[in-house]
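For reference, the chains in residue letters:
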Amino acid sequence: MNVEALDGFFAALIAVRDCHAERILREIFGGEMSEACEFGNLDEANEILGLMMRTGTPSPDAEQDEVYGPIFLQDENGVFHGNDWAGGFMRECKCVTTAGQSW
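Let me sum up the structure you'll find in this document. Position labels on residues start from 1 in each chain and follow its written sequence. pLDDT decides what is reported in this predicted model: residues at 70 or higher carry local features, side-chain atom pairs at 80 or more are listed and counted, and totals for whole chains, interfaces and linings draw on all residues regardless. Side-chain numbers here rest on the full set of heavy atoms in the structure, without hydrogens or water.

1. A short note on the overall build of the chain
The criterion, for reference: Each helix is a run of H or I in the DSSP string that is no shorter than four residues. Each strand is a run of E no shorter than two, and both are numbered from the N terminus. Any pair of residues with heavy atoms lying within 4.5 Å of one another is described as a contacting pair. Working definition of accessibility: Shrake-Rupley area with a 1.4 Å probe, residue cover restricted to the visible protein chains.
When its secondary structure is counted, the chain shows five helices and zero strands. Along the chain, helices and strands appear, N-terminal first, in the series α-α-α-α-α. Intrachain contacts of the chain at a sequence separation of at least 6 include 60% that bridge at least 24 residues. In the structure as shown, the chain presents an accessible area of about 7100 Å², 52% of it carried by carbon and sulfur atoms.

2. A short note on the packing of aromatic side chains
Under the convention used in this document: In summary, the pairing rule links any two rings of Phe, Tyr or Trp, Trp by its six-membered ring, whose centres are within 6.5 Å, and it sorts them by plane angle into stacked for under 30 degrees, edge-to-face for over 60 and tilted for everything else. Accessibility here uses a 1.4 Å probe with only protein chains present; expressed as a share of the type maximum, an area under 20% marks a residue as buried, one over 50% as exposed, and anything in between as partly exposed.
A full pass over the atoms with the stated rule returns three aromatic pairs. Ring geometry for F72 and W85: centres 6.3 Å apart, planes at 80°, overall edge-to-face. With F72 in the loop between α4 (42-55) and α5 (83-98) and W85 in helix α5, the pair connects residues that are 13 residues apart, well separated along the chain. Since its relative accessible area comes to 35%, F72 is described here as partly exposed. Judged by relative accessible area, W85 falls into the buried class, the value being 17%. Relative to F89, the ring of W85 lies with its centre 5.4 Å away and its plane at 20°, an arrangement referred to as stacked. Taken as a pair, W85 and F89 lie in helix α5 at a separation of four residues, close to a single helical turn. Of the aromatic side chains, those joined through ring pairs into one cluster are F72, W85 and F89.

3. Re the environment of N41
This is how the line gets drawn: Any pair of N or O atoms that falls within 3.5 Å is considered a polar contact. Within protein, one atom must be able to donate a hydrogen and the other to accept it, and sequence-neighbouring residues count only if both atoms are side-chain atoms.
Mapped onto the secondary structure, N41 falls in the loop between α3 (33-36) and α4. Within polar-contact distance, the side chain of N41 engages the backbone nitrogen of D43 at 3.1 Å. For N41, the side chain forms a polar contact with the main-chain nitrogen of E44, separated by 2.7 Å.

4. Points about the side chain of D7
Structurally, D7 can be placed in helix α1 (residues 3-16). On the basis of relative accessible area, D7 is assigned to the buried category, the value being 9%. Residues in contact with D7, not counting those within four places in the same chain, are Y68, G69, P70, I71 and W85.

5. A look at a nonpolar patch on the surface
Applied cut-off: Patch building starts from residues that exceed 30% relative accessible area and form no salt bridge, then joins like charges within 9 Å and nonpolar side chains (Val, Leu, Ile, Met, Phe, Trp, Tyr) within 5 Å. By convention in these notes, a salt bridge is any Lys or Arg side-chain nitrogen within 4 Å of a carboxyl oxygen on Asp or Glu.
A cluster of nonpolar side chains, contributed by V3, I71 and L73, occupies part of the molecular surface with about 240 Å² of accessible area. On the secondary structure map, V3 appears in helix α1.

Written out as structure tokens, the structure is:
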């Protein structure tokens, strides 16, 4: 997943409030952590995983009127398509649906 897809994935995660870390990380990295990830060292792994989990977890201090702005990457022509964001969002929706939950 690129950053745009990851942002869409986390947006859906927050919307459905389905925070099972093991499933989330397996989906993001495309397999079991031990098989899919190579970090330089333990500090790097903790930093990256910590950032990801904080990004994908709603803050209890967040204000009700706080506005969310999605991350969209530009293509070579400077156009923002949002396709990867939508794909990440739908990927999380599919995970929730296959886990026996629905919206």
